[in-house]
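Structural description and commentary
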Amino acid sequence: DQGWVVCVTVLGLVASVHSITRGELFPFGPASRDQLLEPGTDQTHQLTLDNPVLFYDGTFNNIYINTNGFVATTEPTSESTYLGSMPPKFGMIAALQGDLDTSDGVGKVYFRQDSSPVILRQAANHINRAFPEDDEVNPIHAVVITWVDVATHEPQNRDGTNKKRNTFQLVIASLETASYAIVLYPRDGIQFSSTPVGDSIAPMHAGFSKGVVQGFLFSRQGPYYRIITDDEASVRALAEGTNAGLRGVWVFEIGTSPYFSNVAPGEVTELPPDSSQQRVLEGYEDAVDVRRPVYPGVQQVEYPPYEPEGQVLVHTVQFQPQHVDFPGNPEVVVVDDGDINVDVFSYNFGTCANSGNKCSNFADCKDHTSGYCCHCRPGYYGNGVQCVAEGKPQRMNGKVNGKVYVGNSPTPVEFTSNDLHSYVVVNDGRSYVAISDIPPSLGPSLQPLSALGGVIGWAFALQQPGFKNGFSIIGGVFTRQAEVTFLPGNEKLIIRQEFNGIDEHDHLAVSTTLEGRVPEVPRGSTVQIDRYSEIYQYSNNLVTSSSTRDYVVSLPDGSTETRTYQWRQTITFQSCQHDEASRDVKPTQMLSVDQVFVMYDANNELIRFAMSNKIGDVNGQPEENPCFTGRHGCDTNAVCRPGQGTQFTCECAAGFNGDGRSCYDIDECREDPQICGSHAICNNQPGTFRCECVDGYQFASDGQTCIEVNRPVDHCEAGSHNCDIPERAQCSYTGGSSYICSCLPGFIGDGRVCQDIDECQPGRCHQDAVCYNTQGSFTCQCRPGYYGDGFYCSTGKSRTKTQCESHRESVLVARGPRPPVGHFIPQCDEHGAYEPIQCHGSTGHCWCVDRNGQEIPGTRSGPGSRPMCIDHDGGRPPVGPTPRPDVHPLPPGTHLMFAQSGKIEFVPLEGYDMKKDDAKAVLHLPEKVIIGVAYDCVDKMVYWTEISSPSISRASIQGGDPTPVIKTDLDSPEGIAIDHLGRTMFWTDSVKDRIEVASLDGSQRRVIIDSDLVNPRAIITDPPNGNLYWADWNRDAPKIETSYMDGSNRRVLVKDDLGLPNGLTYDPQSALLCWADAGTHKMECMNPALGDRRKVLEGIQYPFGITSHGKNIYYTDWRRDAVVAVDRYAGRETDEFQPLKRTKLYGITTAYAQCPSGQNYCAVNNGGCTHLCLATPGGRSCKCPDHAVAVNCVESDSRY
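Here the residue numbering is sequential within each chain, running from 1 through the sequence in written order. Confidence filtering applies because this is a predicted model: local features only for residues at pLDDT of at least 70, side-chain atom pairs given and counted only at 80 or more, and all residues used for totals across whole chains, interfaces and linings. Hydrogens and water molecules were not included; the side-chain quantities draw on all heavy atoms of the structure.

**So, the pattern of salt bridges**
Put simply, the test is: By salt bridge we mean one thing: a side-chain nitrogen of Lys or Arg within 4 Å of a carboxyl oxygen of Asp or Glu. In this description a helix means any DSSP run of H or I spanning at least four residues, a strand means any run of E spanning at least two, and both kinds are numbered starting from the N terminus. For the exposure calls, accessible area comes from a 1.4 Å probe over protein chains only, and a residue counts as buried if that area is under 20% of its type's maximum, exposed if over 50%, partly exposed in between.
Summed over the entire model, instances satisfying the criterion amount to 45 salt bridges. Residues K915 and D918 are paired through a salt bridge, measuring 3.6 Å at the closest nitrogen-oxygen approach. The partner of K992 in a salt bridge is D971, and the shortest N-O contact between them spans 3.6 Å. Here K992, found in the loop between β64 (984–989) and β65 (994–999), pairs with D971, found in the loop between β62 (963–966) and β63 (973–979); they are 21 residues apart in sequence, far enough to count as distant. Among the residues examined, D971 registers a relative accessible area of 37% and is labelled partly exposed. If you follow the salt bridges from partner to partner, you end up with D969, D971, K992, R994, E996 and R1005 in one network.

**Points about the sheet that holds strand β73 (residues 1082–1086)**
By definition, the strands of a sheet pair up through backbone hydrogen bonds, in either a parallel or an antiparallel sense. The following threshold applies: Pairing between strands requires that DSSP locate at least two bridges from one strand to the other. Angles shown run from 0 to 180 degrees and are taken between the N-to-C directions of axes, each axis being a line fitted to C-alpha atoms and, for helices, limited to the stretch in contact.
An order of β71-β72-β73-β74 is seen for the four strands of this open sheet, with the pairing classed as antiparallel. The open sheet terminates on both sides in strands that have one partner only, identified here as β71 (1061–1067) and β74 (1094–1098). The sheet shows a mean angle of 20° between the axes of neighbouring strands, taken without regard to direction. Note that β73 and β74 share four bridges and pair antiparallel. Its bridge partner being in β74, M1083 is matched across the sheet by L1097.

**Examining the packing of aromatic side chains**
The relative placement of two aromatic rings is captured by the distance of their centres and the angle of their planes. Under the convention used in this document: Only the six-membered ring of Trp is used, alongside the rings of Phe and Tyr, when aromatic pairs are assigned; centres must lie within 6.5 Å, and planes under 30 degrees apart are stacked while those over 60 apart are edge-to-face, with the rest tilted.
Per the counting criterion, the structure on display carries 26 aromatic pairs. Taken together, a centroid distance of 6.2 Å and an interplanar angle of 65° make the contact between F898 and F1137 edge-to-face. Of this pair, F898 sits in strand β55 (residues 895–900) while F1137 sits in strand β78 (residues 1132–1137), placing them 239 residues apart in sequence. For F1137, a relative accessible area of 8% corresponds to the buried category. A centroid spacing of 5.0 Å and a plane angle of 10° characterise the contact between F1104 and W1118, whose relative ring orientation is stacked. Note that F1104 is positioned in strand β75 (residues 1103–1109) and W1118 in the loop between β76 (1112–1117) and β77 (1122–1127), a separation of 14 residues in sequence. W1118 sits in the buried class, given a relative accessible area of 5%. Every member of this aromatic cluster is reached through a ring pair, and the members are W458, F478, F499 and Y536.

**Some thoughts on the confidence of the model for the protein chain**
Just so we agree on the cut-off: Think of pLDDT as the predictor's per-residue confidence, scored from 0 to 100. Between two residues, a contact is recorded if the distance between any of their heavy atoms is within 4.5 Å.
The predicted model of the protein chain has a mean per-residue pLDDT of 81, with 85% of residues at 70 or higher. For the stretch residues 1–17, pLDDT sits under 50, and the model shows 43 contacts to residues farther than four places along the chain or on other chains. Low pLDDT (under 50) marks residues 815–821, which in the prediction has nine contacts with non-local residues, meaning those over four places away or in another chain.

**Details of the environment of V197**
Inspection of the secondary structure assignment puts V197 in strand β12 (residues 194–197). The partly exposed category is assigned to V197, whose relative accessible area is 21%. The spacing of V197 and G84 is 113 residues in sequence and 6.4 Å in space, taken between C-alpha atoms. Residues in contact with V197, not counting those within four places in the same chain, are L83, G84 and A202.

**Looking at the state of the cysteines**
The line we're drawing: In this description, the term disulfide denotes a pair of cysteine sulfurs within 2.5 Å.
Within the structure shown, the criterion is met by 22 disulfides. With a sulfur-sulfur separation of 2.0 Å, C634 is cross-linked through a disulfide to C650. Between C634 and C650, the disulfide has an S-S torsion of -75° and is therefore left-handed. With C634 in the loop between α8 (626–629) and β37 (638–642) and C650 in strand β38 (residues 648–652), this residue pair connects regions lying 16 residues apart in the sequence. In this pair, the class of C634 matches that of C650, namely buried. Between C1074 and C1085 runs a disulfide, and the two sulfur atoms are separated by 2.0 Å. Judged by the sign of its S-S torsion, about 105°, the cystine formed by C1074 and C1085 is right-handed.

**Some words on unusual backbone geometry**
Peptide bonds are trans in most cases, and residues, glycine excluded, mostly fall at negative phi. The amide bond that connects M86 to the next residue, P87, takes the cis arrangement and shows omega of 0°. Considering the arrangement of structural elements, one finds P87 in the loop between β5 (70–72) and β6 (92–97). A cis amide bond links L487 to the next residue, P488, at an omega of 5°. You can see P488 is positioned in the loop between β28 (477–487) and β29 (491–502). With a phi close to 55°, E605 is a non-glycine residue in the positive phi region. Note on placement: E605 falls in the loop between β35 (588–601) and β36 (606–616).

**Thoughts on the pairing of β75**
Judged by how many residues are buried, β75 sits mostly within the fold: seven of seven residues are covered. Taken together, the five bridges between β75 and β76 define a ladder with antiparallel strand orientation. Among the inter-strand pairings, H1109 is bridged to a residue of β76, identified as N1112. Turn length for the β75-β76 hairpin, with the two strands adjacent in sequence and antiparallel, is two residues, and the turn residue G1110 shows positive phi of about 60°.

**Some remarks on the nonpolar core**
Worth spelling out the cut-off: We call a set of buried Ala, Val, Leu, Ile, Met, Phe, Trp, Tyr and Cys residues a nonpolar core when their side-chain atoms join them within 4.5 Å.
Core analysis: the largest hydrophobic core is formed by 62 residues, its most contacted members being L442, W458, F460 and L493. Among the elements that make up this core, the one with the highest residue count is β35 (five residues). Beyond its immediate sequence surroundings of up to four residues, W458 is in contact with N469, G470, I474, F478, Y536, Y538, V543, I571, L591 and I615.

**Re the sheet that holds β64**
Overall, antiparallel pairing links the four strands, which are arranged β63-β64-β65-β66 in an open sheet. The open sheet has two free edges, formed respectively by β63 and β66 (1006–1009), since each of these has just one partner strand. Each strand of the sheet is rotated relative to its neighbour by a mean of 30°, with strand direction disregarded. Taken together, the three bridges between β65 and β66 define a ladder with antiparallel strand orientation.

**Things to note about the pairing of strand β30 (residues 508–518)**
Direction of pairing for strand β24 (residues 394–406) relative to β30: parallel, over a ladder of 11 bridges. Note that in β30 the partner of V404 across the bridge is G516. Where β29 hands over to β30, the hairpin turn is made up of five residues, of which D506 adopts a positive phi near 70°.

**Quick notes on the side chain of T152**
The residue T152 is located in strand β9 (residues 141–152) in this model. Note on T152: relative accessible area 9%, which makes it buried. When residues no more than four places from it in sequence are discounted, the contact partners of T152 are D99, L100, D101, K163, F192, S194, T195 and P196.

**Looking at the side chain of D114**
Note the following rule: Two N or O atoms form a polar contact when they lie within 3.5 Å of each other; inside protein one atom must be a possible hydrogen donor and the other a possible acceptor, and for residues adjacent in sequence the pair counts only when both atoms belong to side chains.
Counting through the fold element by element, D114 comes out in strand β8 (residues 108–114). With relative accessibility at 12%, the residue D114 sits in the buried group. Within the local environment of D114, its side chain forms a polar contact with the side chain of S116, the two groups lying 2.8 Å apart. With residues near it in sequence (within four places) discarded, D114 still touches I119, L120, H141 and A142.

**A look at the environment of S450**
By the secondary structure assignment, S450 is in the loop between α5 (443–446) and α6 (454–459). S450 gets classed as buried once you look at its relative accessible area, which sits at 0%. Considering only alpha carbons, one finds S450 and V433, 17 residues apart in sequence, at a separation of 8.9 Å. Apart from residues no more than four positions distant in its own chain, S450 is found in contact with I529, Y532, Y565, V596, V598, F609 and M611.

This is the structure we're talking about:
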């Protein structure tokens, strides 16, 4: 259980980057109202917390602060038990642990709890910078512990005047669902790296230990995560290294709820070379939604101050791209201005009275002689139709599609719907862009194209006095087309981007297409782009620009090449022509771009661009005021207001409060609960809020008032349908006000009129029985003098049929008195028991069976030979244990079965309602962590996966011992599904990243999917149609897939707008595949054949397992510790059941009273297969198990 060892290395960066200073620690000492730990050595103080700390998988309401540089989760034992013999037996958060002493009156240990906005914001900044990919974290509670000038504990006679002293700080910041440790080691804060232990010296320790874990029979040492090694140099390097983008700062996620895997270190291990680049780094945590280090160790260039060389002569450039011809060397695309059809907002000749609602919520409408125009209010900027708050950072999200040739390759690299994320710190002009899933064959060659994100830099560039950035002039709806010509090879690339304005999430939406050819940049190369300027020319509804740019390619062999490309672009938009003042835009402006950073991450197939952007006069001198240089230190959510000379003030953006240096979001929904009006819900967002109509209401034409919608009618439930009577037909609600009618089994018709089918066809009943037709069914009755159930009649004395006789009769009934060749018929002895040897009449194969008719593995022989089988006589029947008094066999009827903390429980269903008072445990499995459950409706068996000792087991729901069926070659089996027709089971393994199938007894294992899986969990079967469905909750690329049951015809069903798709269910009646997503907090359904995805429910908390029964979906929720019922047609929750024991609920399944209707080709005689029979739509596939030793296994595929 040894955790990972994080080796601290000193980064070889420019000397101007220093570690944090003592003044940059969190405030501490008497002025911060800290408490003081009693002086001495090995002193401990118990601190009762206002909010609990999460550590590993535990929750702690008390912590213990110790002189020796650590915090414990329980009362620590004497220092002699852990000094020099780590890890300890108790839970420990070690900031810098050793034998320390504060009895000399110099060293001190301060501590406090703090929930002030300033401290929580400081903690959030460190955490969010350390985890740039994760959602933004906002702690609600912090504990600040500071060890100041502490010394080693040495004998009393030593002179302490020149002692070396250490200073360091630990901040534990917590949310409701997670806790983080922020450890700060200031410059010169580590003056010694070891302390005396007895007669020896031991290095100090930093890390996290869970302590001793109590097992069922014995105890063991829990996980121990080390930040440093046993080398003293790694201790000294703590102040030089980082995992949080700031030297001397280390951040770790140390506990999460409801599920914890391991301590997670911060991910930004690299540092910028100077303070200006440090500012760039600090804003990057909001740039993209991908988990990657921000800046790798690449060569950095420090630029001198920009000084324009004389007057810049501006030439008017007419942009005329030409036609693209692929796959040869592409020419330039020709685009006539008149041919560019941009579907954007356009002003008409209306008035504010009838059209003013088209203006932004933050704009005013003004009538003019020829029409109306929209104008952003003070504190906002844009074109009036789209307005954003001054000073507020802006985000851009979208998709990238492309067809790009690299070098001389005749084959293009094609990609579809790749994610593009961008972030701009508006008050200093910094912009960041990241594009995911760019393959290594293309990624390095796209590095010169920093201009892919250049338009977002222009749109929100830092404005110089009298000049406006792109968004201020044209808003967020425009089309941008650019042509790049690479020299000297004349390769050409066309970039087309459609900007569709600010979406409901306050993000600028964009769609990007790349087509053409780029020169090859060899893999492993880096690209450096010098600062450049670009002149933008403005005319009526059109912006053009052009520039020539050099870039340097550093090749893997150490050599460099300087290359050049020419850049030309047009931006088209719709402006308001009715206001003469709105046309007062300077005809030329210059965009200055510096601090350009480009990087391609081949391991993660991610390309990043970062740059600083300023818009101003083509001949103007650089402004010295910090508001125009970007070096003002205002909060990223603040506006910099220039004063005289270099004076300025910081002012929080609209929607934020603070002093400008630190700004905090205003929760408009809390301050004014009625802000959205009646029948509406207010959702707070950074700097603003959003109103949504409650269920059953929608926005009126004014976009603000919620009015009632026409509610759909469930005619099936209301009884207003025109289906035949319930005894003959079924009404099925399909959403809205629609429904379908279908005849019940035994009847034929269109559902509105159903007629009885005469089932008494020849061969229905035994030859010595009479068939009687009934409404919707039939009965068989033995003739006088014969005994039996009508399907089997004999002249002997009536008795209960044996398992073998029932098995034999079921085959005969299904196939008539003369079953066709190719079907196995079991042989019974004179007592009705299975003959020890069974043979297939058609294939000639024979095998041994046990007393239950199950084949004994390894006994099957080929045609012409017979195995030696042991007679069953004299064997004692198995005897199950007496059931526990709190464990109950499953009663008749349909039930929900779910896994919870070492047991499987059931809840009976009455119709669709849960009979919560009748819920009971069906199986106790102490010390087991059960994940998935599945039910075999044929043998009335429950199957489950468990990960504590990885295995798959089963048990009869009528009572009996649990029986392991698979115990080997498993790492983390999670989802499990049963094909009750083909008698097989399927499961996922999230560590081995594969899907397997086996017979229900665990034999004949075969891997059917073992590629492109990361975190497979939920899996379900559709036996009648031969389909398999599963979900992969890979955080980087979650998806839901399907294949035939043999693993063929694999394809992705859903990959967009997924977060953590934990649970899947399939309803054969409606043919709907439904899933619950713990990331998006939604429940959705689709028909896999149609792809008609639709939302069922929003706002669910943390679903894990999911199952369906009729109109209802039932899911387990980790946050609510409950089984929740959802009416999928009404789109609302109808009930919930919370077991007495409130712990996590895992998998859930429906145990049907009778097997669902349907057949597949594996249901009879194993489909004629020798081993595995796996159903496919309209056929079956015969497969051999992996590592098959039998020489008589035959594989074949059949479609019927």
